[in-house]
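Chain by chain, the residues run as shown.
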Amino acid sequence: SSRRRHTRYPLVTGVQTCALPISAQLQRLAARLGVADSLVWTGMLLGEAKWGALQCAEAFVLPSHQENFGIAVAEALSAGVPVLISRAVNIWREIVEAGAGFAEDDTLAGTQALLTRWLALSPAERAAMAARARPCFEARYTVRRAAVSLLSTLYRTLHARQARHLSLGRGA
């Protein structure tokens, strides 16, 4: 048959998408491309539904134009899910360094590159990336790690101010 066959890849949309007019545009585009039956438009997921979706996810994709931290990215990592994110998510360097995901530009071409790179991985490579996701979270984003990092920063800042104050006092 000359009909094009589509592999089924469910899509779980984010919080903002379903509330915006672009959601309807994306749904019409999916219908026109013949992939509407392969997509799931959930809107915001909370509690058990969110964690259940993450546990079932093969990858978490966030081609955002700007995220200071990206709590949803950290949540995906905590569930052992590799993340495919834009370089506008400010924790992309740590994730790439840990081998827990990919990062590209926050453009259509960048998003296509993320998906292409992911789909080009073998099942073993995908599993290896997934195995690095949780350790990436534990090494960087747990509450304990955040507290240690904050205390370390505060100590260094206070120590630097004290040293500066002492040096100014000695010069007088």
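This one's a predicted model, so the numbers in the text were calculated from it and none came from an experiment.

J.: Quick one: what's the story with the side chain of Arg-126, residue by residue and with numbers?
T.: Along the chain, the position of Arg-126 falls in helix α6 (residues 123-140). A polar contact is formed between the side chain of Arg-126 and the backbone oxygen of Trp-118, at a distance of 3.3 Å. Setting aside residues up to four positions removed in sequence, Arg-126 forms contacts with Glu-58, Pro-82, Trp-118, Leu-119 and Leu-121.

J.: Quick one: what's the story with the environment of Asp-106, residue by residue and with numbers?
T.: Secondary-structure assignment places Asp-106 in the loop between β3 (101-104) and α5 (108-120). For Asp-106, a relative accessible area of 28% translates into the label partly exposed. C-alpha of Asp-106 to C-alpha of Gln-66: the two residues are 40 residues apart in sequence and 8.5 Å apart in space. When neighbours within four sequence positions are excluded, Asp-106 is seen to be in contact with Pro-63, Ser-64, His-65, Ser-86 and Ala-88. Among the polar contacts made by the side chain of Asp-106, one reaches the side chain of His-65 at a distance of 3.1 Å.

J.: Any chance you could break down the nonpolar core for me, citing the residues and the numbers?
T.: If you look at the biggest cluster of nonpolar residues, it comprises 21 residues, and the most contacted ones within it are Phe-60, Val-73, Leu-77, Val-83, Ile-85, Ile-95 and Tyr-141. Taken together, the elements giving at least two residues each to this core come down to β1 (60-62), α3 (71-78), β2 (83-86), α4 (92-98) and α6. Of all the elements, α3 adds the most residues to this core, at four residues. Beyond its immediate sequence surroundings of up to four residues, Ile-95 is in contact with Val-73, Leu-77, Val-83, Ile-85, Ala-100, Gly-101, Cys-136 and Tyr-141. Counting six residues, the second largest nonpolar core, distinct from the first, contains Leu-84, Phe-102, Leu-121 and Met-129.

J.: Can you explain the environment of Leu-77? Please cite residues and give values.
T.: With respect to the element layout, Leu-77 can be found in helix α3. A residue is classified by how much of its surface remains accessible, and Leu-77, at 0% relative accessible area, is buried. Along the sequence, Leu-77 and Ala-100 sit 23 residues apart, while their C-alpha atoms lie 7.8 Å from each other. Residues in contact with Leu-77, not counting those within four places in the same chain, are Val-83, Ile-95, Ala-100, Ala-133, Arg-134, Cys-136, Phe-137 and Tyr-141.

J.: Describe the packing of aromatic side chains, and please don't skip the residues or the numbers.
T.: On inspection of all chains with the given rule, the structure shows zero aromatic pairs. The ring centre of Trp-92 lies 5.4 Å from the NZ or CZ of Arg-87, which sits over that ring. Lying across the ring of Phe-102, Arg-117 places its NZ or CZ 3.9 Å from the centre.

Thresholds, definitions, all that
Residues numbered from 1 in each chain as written. Predicted model: local features only at pLDDT ≥ 70, side-chain atom pairs only at ≥ 80, totals over all residues. Heavy atoms only, no water. Helix = DSSP H or I, 4+ residues; strand = E, 2+ residues; numbered from the N terminus. Polar contact = N/O pair within 3.5 Å; in protein donor to acceptor, adjacent residues only side chain to side chain. Contact = heavy atoms within 4.5 Å. Buried < 20%, exposed > 50% of the residue type's maximum accessible area, 1.4 Å probe, protein only. Core = buried A, V, L, I, M, F, W, Y, C linked by side-chain atoms within 4.5 Å. Phe/Tyr/Trp six-rings, centres within 6.5 Å; stacked < 30°, edge-to-face > 60°. Lys NZ or Arg CZ within 6 Å of the ring centre and 35° of its normal.

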